[in-house]
Amino acid sequence: IPLMPVVVLTGLDNESFALETLRKGAEDYVVKGQFDGKMISRVIRYAIERHQIKRELDLANGRLENLAFLDPLTELLNRRGLQDALSREIQWSRREGTNFLVFLIDLDNFKKINDTLGHAVGDVVLKDVATLLKENLREIDLLARYGGEEFVFFLVETGAEHAALIAERLRQLVELRPIRAYDELLRQTISIGMAAF
């Protein structure tokens, strides 16, 4: 969508040209010699209104797309977003002849938190762990909530030995970080598995 409304002024009185200009994003078109002051004022006013509606619709569609691919609790990619990103990463890896590493993280004994302290406390723990993971990974290292208390992240351009050190550092960071959830001060541990593609 253009940044401002577009009205095409043309010397052509051609229906197919008019449809093509509208298809390419113009709000309207006017043929020279076939308008007066009132008509041009009305065309401009309607063009501005249509343009505003298009922009609002575009923003709303962007928000809907984010909702389809983002986990609302952690604001990380959800499983659908992860599958999409994984497909792209596999294609890139095959095309470039590179490898990448995939890590699955599981929050240990998380069911016990939900069962004894409630799901609201469990949500705080999930958000806190997600934030800690995000803060300690590079922007190019994709992080997603796989489901429940499981997270997945990819490491690109990283050797297996270095990746194992990164995973261990993340494990320790989570274990050492106290999580304040309402009146509770909790410690959480995680288990991490790694696979190379």
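Above this text you will find the structure in question.
One structure accompanies this document, and this report is about it. Given the structure is predicted, the values throughout are model-derived calculations rather than measurements. (Residues numbered from 1 in each chain as written. Predicted model: local features only at pLDDT ≥ 70, side-chain atom pairs only at ≥ 80, totals over all residues. Heavy atoms only, no water.)

So, the nonpolar core
And then number 1: Grouped together as the largest cluster of nonpolar side chains are 28 residues, with contacts concentrated most on L107, V125, V129, F151, F153 and L155.
And then number 2: For this core, the element with the highest residue contribution is helix α5 (residues 119-135), accounting for 7 residues.
And then number 3: Apart from residues lying up to four places away in sequence, L107 is in contact with V125, L126, V129, E149, F151, Q188, T189 and I190.
And then number 4: Listed in part, the 8 residues of the second largest apolar core include L82, L142, F154 and V156. (Core = buried A, V, L, I, M, F, W, Y, C linked by side-chain atoms within 4.5 Å. Buried < 20%, exposed > 50% of the residue type's maximum accessible area, 1.4 Å probe, protein only. Helix = DSSP H or I, 4+ residues; strand = E, 2+ residues; numbered from the N terminus. Contact = heavy atoms within 4.5 Å.)

Let's talk about the sheet that holds strand β3 (residues 100-107)
And then number 1: The 4 strands are arranged β4-β5-β3-β8 in an open sheet whose pairing can be described as antiparallel. The sheet is open, and its two borders are formed by β4 (143-147) and β8 (190-196), each paired with just one other strand. Within the sheet, the average angular offset between the axes of one strand and its neighbour, ignoring direction, is 25 degrees.
And then number 2: Taken together, the 7 bridges between β3 and strand β5 (residues 150-156) define a ladder with antiparallel strand orientation. Note that in β5 the partner of F103 across the bridge is F153.
And then number 3: Against the sheet, helix α3 (residues 79-96) touches β3, β4 and β5, its axis set at about 20 degrees to β5. (Pairing = 2+ DSSP bridges. Axes fitted to C-alpha atoms, helices over the stretch in contact; angles between N-to-C directions.)

A word on unusual backbone geometry
And then number 1: Here E157, not a glycine, exhibits a phi torsion of approximately 55 degrees, which is positive.
And then number 2: Locating E157 in the fold gives a position in the loop between β5 and α6 (160-176).
And then number 3: Positive phi is not limited to glycine here, since Y182 has a value of about 60 degrees.
And then number 4: One can find Y182 in the loop between β6 (179-181) and β7 (184-186).

Section: the pattern of salt bridges
And then number 1: Tallied over the entire structure, the rule returns 13 salt bridges.
And then number 2: Sharing partners across several salt bridges, the network here consists of E20, R23 and K24. (Salt bridge = Lys/Arg side-chain N within 4 Å of Asp/Glu carboxyl O.)

Description of the packing of aromatic side chains
And then number 1: This structure, assessed with the given rule, holds 3 aromatic pairs.
And then number 2: Ring plane angle 45 degrees and centroid distance 5.5 Å describe the contact between F100 and F154, whose orientation is recorded as tilted. With F100 in strand β3 and F154 in strand β5, the pair connects residues that are 54 residues apart, well separated along the chain. Each of the two residues, F100 as well as F154, counts as buried.
And then number 3: For the pair F100 and F197, a centre-to-centre distance of 5.2 Å together with 35 degrees between the ring planes defines the contact as tilted. With F100 in strand β3 and F197 in the segment after β8, this pair connects stretches of sequence that are 97 residues apart.
And then number 4: For F100, a relative accessible area of 1% gives the class buried. (Phe/Tyr/Trp six-rings, centres within 6.5 Å; stacked < 30°, edge-to-face > 60°.)

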